[in-house]
Structure formats: structure tokens, C-alpha cells
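Survey of secondary and tertiary structure
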Amino acid sequence: MSIFDLSGRTALVTGASRGIGRACAVLLARQGARVVLAARNEDMLDEVAAEIRASGGEAHPMGLDLADHESLPGAVRQLPGEFAAVDILVNNAGITADNLLARMTLDQWQRVQDVNLTGVFVLTKALVRGMMRRRYGRIVSVSSVAGVLGNAGQANYAASKAGLIGFSKSLARELSSRGITVNVVAPGFVETDMTAAMPEGAGERFREQYGVVRLGTVDDIAPAVLYLASEEASYVTGEVLCVSGGMT
């Protein structure tokens, strides 16, 4: 068996239509996992599924809105048989609504928490009972160095990502005796559609402020997720792996 072999495992990746989520889904499939691709944009999910299938992998696109909390358990129950027993959950989907605190509205605060934190809670809860019955699971959540260091203008986003770390550490203690690991990957400044929407020059200012050699790419993050999702990481739980070029 090759290292990081996921043959026979089923993974569900949120935010799989683009960016870090897409890179994670493609890499997990390349390592042998059946992958449930979850996101709001179903057309883009079909493109990712086609890419995976063209390489001989198995993929199932699933429209999913993490802000619609009541729909999440039902969506999980409706997965087709070969994808229904999810062994690996990658909580990657997230949104921003940046503003200085003095200008931030309650709606901007709440929308970010609803997706980045509460959506993760509801979806993880819907899947974890099956993992407990099978006494196996890998839960990997994508946080951010903003949740470790903070970031001006992102009090809502940083709070949600810091909350994700606390949630994961607590869950790791609850589930370690059931053969389930729970870990976090905290990317630094990564070139994605989300960061492209930030003000012009923000990436370079970030790089200069923290002294990192370059900005990250999605292909820097996906291997860290793969490691934590693998058998090789069976003795790693409750940890935060910062993949940030030295920012932290």
C-alpha cells in the first residue's frame, strides 16, 4: 500500500467547487477516496466531478448551503449508497464580510458565523454518529491564521475561525476513544477567489508585514489536509497545523 492511500474511504468536502476545497477534493480522489463534492454552485461542482472522473476517480456532486442549517441533516441522509458512509469530513467552506468593528453590522457578523461556525457544527453532528458506529473517522476543518493571530477588519471572520479551533479541540477529546481524529489546518494568505476580492495590494502588504517569501497556493494547503485525513495521521488529534509560510 502506498503512503496516504485512501482507497475504500469516502470523503465529503465542503466548498469543493473552487479554491482550497476543489484542490482538496481532487487530491483526495487521486489518492483513492470516493468524494462527495458539496457547495452552493452546482454547475462548478459538475466541472470538478468531471475532472475527477476523467482521472478514474469517483465523485458525487451535492448542492449544499451551510447557512441553511435545517437542510443539512436531510442532505446527508439522501446521499446514494456508495457515498453514504462518510469516513472523512473536510469542513472547508467559508465566507467573509469584512468591515471595521465600528462599522460592522449585526447581519455581517451573523452571516459569517452562520456559515463558518454554525454550519460546521450542524454538518459535523449529522455525520459524526455514523463515524462513531463504525469507530473510524477523520474530521479536518480549514480555519485560518486570522483565527490564530487576528486581522484588522475581520473580527467576524477571525472569531468564526478561532471558534472552529476551539470546537475541533473539544471534539477531539470527545471522540478520540472512538477511533476518530479531529484536526485543523490554518492557511496563511493563499491566492484564491476570496483573497482576490480583497483591496488591491493587500496580498503584498500582508507578505511584507509578516516577512513571508511568497503568497500561498491551494496546492500548498491540500497536502496538509490529505495528511490529516490519512491513516498515517492516526495518532494526531486536536492539533492546528498552520500552513502559512512562517506567518505564525
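Scroll up a little and you will see the structure.
Here's a quick rundown of the structure. (Residues numbered from 1 in each chain as written. Predicted model: local features only at pLDDT ≥ 70, side-chain atom pairs only at ≥ 80, totals over all residues. Heavy atoms only, no water.)

**Some words on the sheet that holds strand β1 (residues 10–14)**
Judged by pairing direction, the sheet is parallel, and its seven strands sit side by side in the order β3-β2-β1-β4-β5-β6-β7 without closing on themselves. Unpaired on one side and paired on the other, β3 (59–63) and β7 (240–243) mark the two borders of the sheet. Averaged over all pairs of adjacent strands, the angle between strand axes in this sheet comes to 15°, irrespective of strand direction. Strand direction decides the pairing type here: β1 and strand β2 (residues 34–39), joined by five bridges, are parallel. Residue pairing across strands places leucine 12 opposite valine 36, the latter belonging to β2. Strands β1, β2, β4 (88–91) and β6 (180–187) of the sheet are contacted by helix α1 (residues 19–30), whose axis makes an angle of about 170° with β1. This element, helix α7 (residues 155–175), spans β5 (137–142), β6 and β7 of the sheet and lies at about 160° to β6. (Pairing = 2+ DSSP bridges. Helix = DSSP H or I, 4+ residues; strand = E, 2+ residues; numbered from the N terminus. Axes fitted to C-alpha atoms, helices over the stretch in contact; angles between N-to-C directions. Contact = heavy atoms within 4.5 Å.)

**Topic: the nonpolar core**
Membership of the largest hydrophobic core comes to 36 residues, with the highest contact counts inside it found for Val13, Leu28, Val35 and Leu37. Those elements that place two or more of their residues in this core are β1, α1, β2, α2 (42–54), β4, β5 and α10 (218–229). Residues within four places of leucine 28 in sequence aside, it is in contact with Leu6, Ala11, Val13, Ala33, Val35, Val90, Leu226 and Ala229. One finds Leu12, Met62, Val112 and Leu127 within the second-largest nonpolar core, a separate group that totals 29 residues. (Core = buried A, V, L, I, M, F, W, Y, C linked by side-chain atoms within 4.5 Å. Buried < 20%, exposed > 50% of the residue type's maximum accessible area, 1.4 Å probe, protein only.)

Functional significance is not addressed by these values, which are geometric in nature.
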